[in-house]
Amino acid sequence: MCTDTSSTSTDITINHVCSYSALQLVPVNFHQCGYCQIQEKALPSPARLKRCTGCTVVMYCSRACQKAAWPMHKFECGKAVSCPTSRQSDHAGYGSPIALAKAVSDWVEDIHSFAFSFLATTVIYSNGGLKANFGPEQFLVYDLAAVPQSGESNDPASAFRLVRVTVVHKSEVSDITGAGTWEGLQADCKAKATSEPELQDCSCFLGWAPGVCRVAGTGLATFHHEPVYKLHCGETSTLPDWVCDIFRDIATMCVNAINSGLVLRHSRRCCCTCQPHPDVGSVLRLKRRFKWVARANWDWASVDGARLLPKSRSGIPILKIWALYRAL
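In this text the structure is predicted, and so the values were computed from the model without any measurement.

What counts and what doesn't
- Residues numbered from 1 in each chain as written.
- Predicted model: local features only at pLDDT ≥ 70, side-chain atom pairs only at ≥ 80, totals over all residues.
- Heavy atoms only, no water.
- Helix = DSSP H or I, 4+ residues; strand = E, 2+ residues; numbered from the N terminus.
- Buried < 20%, exposed > 50% of the residue type's maximum accessible area, 1.4 Å probe, protein only.
- Contact = heavy atoms within 4.5 Å.
- Areas by Shrake-Rupley, 256 points an atom, 1.4 Å probe, with all protein chains shown as cover.
- Salt bridge = Lys/Arg side-chain N within 4 Å of Asp/Glu carboxyl O.
- Core = buried A, V, L, I, M, F, W, Y, C linked by side-chain atoms within 4.5 Å.
- Phe/Tyr/Trp six-rings, centres within 6.5 Å; stacked < 30°, edge-to-face > 60°.
- Axes fitted to C-alpha atoms, helices over the stretch in contact; angles between N-to-C directions.
- Parallel < 35°, antiparallel > 145°, perpendicular 65-115°, else oblique.
- Left-handed = near helix turned anticlockwise from the far one by under 90°.
- Nonpolar A, V, L, I, M, F, W, Y, C, P; charged D, E, K, R; others polar.
- Expected span 1.5 Å × (residues − 1).

A.B. asks: Looking at this model, I keep getting lost on the overall build of the protein chain. Mind explaining?
C.D. replies: Each helix and strand in the protein chain was counted, giving 10 helices and 10 strands. In the protein chain, which comprises 328 residues, the proportion classed as buried is 48%. Counting only contacts in the protein chain whose residues sit at least 6 apart along the sequence, the fraction spanning at least 24 positions is 64%. For the protein chain, the exposed surface amounts to about 16200 Å²; the carbon and sulfur share of it is 53%.

A.B. asks: I tried to follow the pattern of salt bridges on my own but got confused; where do I start?
C.D. replies: Proximity of charged atoms lets side chains of opposite charge pair with each other. Applying the stated criterion across every chain yields a total of 4 salt bridges. With a closest N to O distance of 2.4 Å, Arg 214 and Asp 143 form a salt bridge. Here Asp 143 lies in strand E4 (residues 138-146) and Arg 214 lies in strand E6 (residues 205-215), a separation of 71 residues in the sequence. When sorted by exposure, Arg 214 lands in the same class as Asp 143, which is buried. Each member of the salt-bridge network shares a partner with another, and the members are Asp 143, Arg 164 and Arg 214.

A.B. asks: Can you walk me through the nonpolar core in this structure?
C.D. replies: As a rule of thumb, soluble globular proteins bury nonpolar side chains together. If you look at the biggest cluster of nonpolar residues, it comprises 53 residues, and the most contacted ones within it are Trp 107, Tyr 142, Phe 160, Leu 162, Met 253 and Trp 300. A total of 11 residues in this core trace back to one element, the largest contributor, which is helix H8 (residues 241-259). Cys 33, Cys 55, Val 57 and Cys 65 belong to the second largest nonpolar core, which has 13 residues in total.

A.B. asks: Explanation requested: the packing of aromatic side chains in the structure shown.
C.D. replies: Working definition: an aromatic ring pair is given by the centre-to-centre distance plus the angle between the planes. Scanning the entire structure with this criterion turns up 12 aromatic pairs. Measuring from centroid to centroid gives 5.6 Å for Trp 107 and Phe 160, while their planes differ by 65°, and the two rings are edge-to-face. Placement of Trp 107 in helix H2 (residues 97-111) and of Phe 160 in strand E5 (residues 160-169) is noted, with a sequence separation of 53 residues between them. For Trp 107, a relative accessible area of 0% translates into the label buried. By relative accessible area, which is 1% here, Phe 160 ends up buried. Of the aromatic side chains, those joined through ring pairs into one cluster are Phe 114, Phe 118, Tyr 125, Phe 247, Trp 298, Trp 300, Trp 322 and Tyr 325.

A.B. asks: Got a minute to help me understand the environment of Ser 105 in this structure?
C.D. replies: Locating Ser 105 in the fold gives a position in helix H2. When the C-alpha atoms of Ser 105 and His 224 are compared, they prove to be 8.0 Å apart, with 119 residues separating the residues in sequence.

A.B. asks: Quick question: what am I supposed to make of the packing of helix H3 (residues 113-126) against helix H10 (residues 318-327) here?
C.D. replies: Describing two packed helices takes the angle between their axes plus the distance from one axis to the other. Interaxial distance between H3 and H10 falls to 13 Å at its minimum, and their mutual angle equals 65°. It follows from the interaxial angle that H3 and H10 lie roughly perpendicular. The way H3 lies across H10 gives a crossing that is left-handed. In contact with Phe 114, Phe 118, Thr 121 and Thr 122 of H3, H10 contributes Trp 322, Tyr 325 and Arg 326. For the contact of H3 with H10, the class distribution of residues is 4 nonpolar, 2 polar and 1 charged.

A.B. asks: Could you clarify how one ought to interpret unusual backbone geometry in this entry?
C.D. replies: Across residues other than glycine, the phi torsion is negative in most instances, and most of the peptide bonds are trans. A cis geometry characterises the amide bond from Ser 45 onward to Pro 46, with omega recorded as 5°. Inspection of the secondary structure assignment puts Pro 46 in the loop between strand E1 (24-26) and strand E2 (50-51). The backbone phi angle of Asn 297 is positive, close to 65°, even though this residue is not glycine. Looking at the element boundaries, Asn 297 is found in the loop between strand E10 (289-294) and helix H9 (303-308).

A.B. asks: In this structure, what is going on with H8? I would like to understand it.
C.D. replies: Residues spaced three or four apart along an α-helix face the same direction, because each turn holds 3.6 residues. Its 19 residues place the ends of H8 26 Å apart at the C-alpha level, agreeing with the 27 Å of an ideal helix rising 1.5 Å per residue. Across the 19 residues of H8, 17 count as buried, placing the element largely inside the fold. One or two positions beyond H8, positive phi appears at Gly 261, with a value near 75°.

Structure, rendered in structure tokens:
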């Protein structure tokens, strides 16, 4: 699935990716010990995880774990960026690989999590169906480009640009999935399934699709997991063209929203049956968290929606596209 970054709008097509150069793999779970992986809530009171003072991102439960992790962490830590082989330009302007990985994690899993969940489902279904693309050896690949941030233009929702989305077999990206990486991704998916019981109770939830984000020009990849939902009709094979066009229109709107710095959220006013389209807003950075703020007077049926879908594949009005998507 490709996006055209040469214009404001984004047209989406499905394709497969070619070979990858070797990538530096960085973990994205920053809420557990960076060595033994214990979570803070599992520590005896009043013990808490403490941040590495070099990168200020990775956390440890003890000095022993920090010391044990250093032989590997030193290649990611901010303390190592003065090394001749490590330049800030290699990290898209961030101080270290781990700082860049944290920025990607915030952008994907916190700020734009709702849009990415739509993308996972729509790309999987519109590229051959659930049966072909949601299995033990398929995963999603997101190609990102870092957007320079400075001064008043420092918008966390616009930290990156989504260039391309693909669903691939692990053999097509062996540089990413080698050396036990794939097995680790599958184990993480199973662990995540047990950590989010509210999704397990959802009748439409199928499971987690593993994914990888790679940032252009950095040689860095981060791993993520996106929820995938089943259709109400129960179809798992290739869908009719008109249905795929609806899914691709949804994906186009999500990508264009992401690349415009707009943040989609579930409607807080009513259920998805009464209002199938998401609310649109932006985010503000408040110390170590983000606050979502609704866009006043946003109207999907007006020029606002047309900005995100300038050319519809389905030829259906935007509000009806969202309604049909929810009905499917």
